[in-house]
Amino acid sequence: MKVPVNEPLITDAAKLYVADAMDTGWISSAGPCVEKFEEAFAKFIGVKHAIFTNSGTSALHTAARTLNIGPGDEVIIPNFTMIASPFSVMYTGATPVFVDIDPETLNIDAALIEAKITDRTKAIMPVHIYGLPCDMDPILEIAAKHNLAIIEDAAEVHGAEYKGKKCGSIGTINAFSFYGNKIITTGEGGMITTDDDALAKRARWLKDLAHSPTKRFRHEELGFNYRPTNLQAAVGLGQLEAIDDLLERKRSMAALYKEGLSGIEGLRLPQEKDYATHVYWMYAVMVESGRDELCARLKEKGVDTREFFLPCHSQPAIAVQTDDSFPVTEDASARGFYLPSGLAITDEQIAYVCETMRSVCN
Ligand SMILES: *Cc1c(COP(=O)(O)O)cnc(C)c1O
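The paragraphs below set out a description of the structure included in this document. It should be emphasised that the depicted structure is a prediction, and the values quoted were computed from it without experimental measurement. (Residues numbered from 1 in each chain as written. Predicted model: local features only at pLDDT ≥ 70, side-chain atom pairs only at ≥ 80, totals over all residues. Heavy atoms only, no water.)

Brief notes about the sheet that holds strand β8 (residues 174-177)
Here is step 1: Spatially, β1-β9-β8 is the arrangement adopted by the 3 strands of the open sheet, whose pairing is antiparallel. Only two strands of the sheet have a single neighbouring strand rather than two, namely β1 (49-53) and β8. Neighbour-to-neighbour, the strand axes of the sheet open up by a mean angle of 25°, direction not taken into account.
Here is step 2: Taken together, the 4 bridges between β8 and strand β9 (residues 190-194) define a ladder with antiparallel strand orientation. Bridge pairing in β9 places asparagine 174 opposite threonine 193.
Here is step 3: Against the sheet, helix α6 (residues 197-206) engages β1 and β9, with an angle of about 15° to β1. (Pairing = 2+ DSSP bridges. Helix = DSSP H or I, 4+ residues; strand = E, 2+ residues; numbered from the N terminus. Axes fitted to C-alpha atoms, helices over the stretch in contact; angles between N-to-C directions. Contact = heavy atoms within 4.5 Å.)

Overview of the packing of helix α9 (residues 291-300) against helix α11 (residues 347-361)
Here is step 1: Between α9 and α11, whose axes approach to 10 Å, the crossing angle comes to 130°. With respect to their mutual orientation, α9 and α11 come out oblique. In the packing of α9 onto α11, the handedness of the crossing is right-handed. The segment α9 lies against α11, with Leu294, Arg297 and Leu298 engaging Thr356, Met357, Val360 and Cys361.
Here is step 2: In terms of residue class, the contact of α9 with α11 is built from 5 nonpolar, 1 polar and 1 charged. (Parallel < 35°, antiparallel > 145°, perpendicular 65-115°, else oblique. Left-handed = near helix turned anticlockwise from the far one by under 90°. Nonpolar A, V, L, I, M, F, W, Y, C, P; charged D, E, K, R; others polar.)

Focus: the site of the ligand
Here is step 1: Neighbouring the ligand are 16 residues, the closest being Thr57, Asp153, Glu156, Ser177 and Lys182.
Here is step 2: Within the backbone of glycine 56, a nitrogen or oxygen atom sits 2.8 Å from an oxygen atom of the ligand.
Here is step 3: A distance of 2.7 Å is found between a nitrogen atom of the ligand and a side-chain nitrogen or oxygen belonging to aspartate 153.
Here is step 4: Contact with the protein chains covers 94% of the free accessible surface of the ligand, which is 380 Å².
Here is step 5: Elements supplying a minimum of two residues to the shell around the ligand: α3 (56-66) and α4 (84-91).
Here is step 6: In terms of residue count, α3 provides more of the shell around the ligand than any other element does, 3 residues in total.
Here is step 7: Of the residues belonging to the shell around the ligand, the class tally is 6 nonpolar, 7 polar and 3 charged. (Near = heavy atom within 4 Å. Polar contact = N/O pair within 3.5 Å; in protein donor to acceptor, adjacent residues only side chain to side chain. Areas by Shrake-Rupley, 256 points an atom, 1.4 Å probe, with all protein chains shown as cover.)

Notes on unusual backbone geometry
It is generally the case that most residues other than glycine have a negative phi and that most peptide bonds are trans.
Here is step 1: In this structure, asparagine 68 takes a positive phi of about 65° despite not being glycine.
Here is step 2: As for its placement among the helices and strands, asparagine 68 is situated in the loop between α3 and β2 (74-78).
Here is step 3: Classification of asparagine 68 as partly exposed rests on a relative accessible area of 47%.
Here is step 4: For leucine 209, which is not glycine, the phi torsion reads 65° and is therefore positive.
Here is step 5: In this fold, leucine 209 is placed in the loop between α6 and α7 (230-240).
Here is step 6: In this structure leucine 209 comes out as partly exposed when scored by relative accessible area, which is 34%. (Buried < 20%, exposed > 50% of the residue type's maximum accessible area, 1.4 Å probe, protein only.)

In structure tokens, the structure reads:
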């Protein structure tokens, strides 16, 4: 049996909406689905504004520029995250400042944030990793105390809740991704979410080349073409209609994994927290040692996996000069991987993955 690490589920509604967009000629960034998708997504997340972009990375970059983050500024980021989080900050000319993570949640360790705040710090970017929300209250408290903005990187947590509020509705201005392996996908795409009218207006303007509202073809600030197409919005709209079912399936997949993998010695399964709903974007596990050999043996048996992210501070493209150590990030990065987690996976495939894990681990 072959089990890919991610096989997306394309809903019938998505196929219908795309066909309709093709038939009516609305294939570029103008078209009725964009606004409909934005409105439906804002309603789902519980925010006033949602602004569709062409990727999660561009949503994060636009969010940072919307807050006027630029050269000389610093943004606090967990060291353990997908590379788009720090890159989006670096595109603005600002510097990402890395913080180690909590060993249990793999999210930013809030207790380590304050030591990293300087008079250049402008924002904190908490990243909700692999589907589990960050414990936001301590982060919100620190941000309020130091007058910092919060940019939630919610790329991996569509629909996850922190104390009853959806991720992506808690920070100042936040970002989602709809890349092919995300909980809902538009192929490529992203979304900026905020309750702030002025920030929403500015984000919408920046992502569309910052055209002057009064004088045609005049530009007073550097804008971006981060427009997605109506076709992408059509896919998103069709996916979003099914999101409650998709989230339920994610949780039932996790339950099957939990049961099937229980009792394997040295295998650490994902943690749940009572302050949050875990949406299990990826079913992420850790072994005591020998992760790479284990994944290679799984691959031989048809089970595709992915290793955890590398620590950001050690990336050649970032190369921060720091004497700090990040023991928890380094440890997780060396021992963790995720199992096939795409929504198209069958119960039989999950059972096969668990069986294979059991035989390979022993
Ligand atoms: C996927 C992801 C992104 C980037 O999204 P793209 O749509 O691929 O640009 C950003 N942050 C995190 C945490 C992600 O997982």
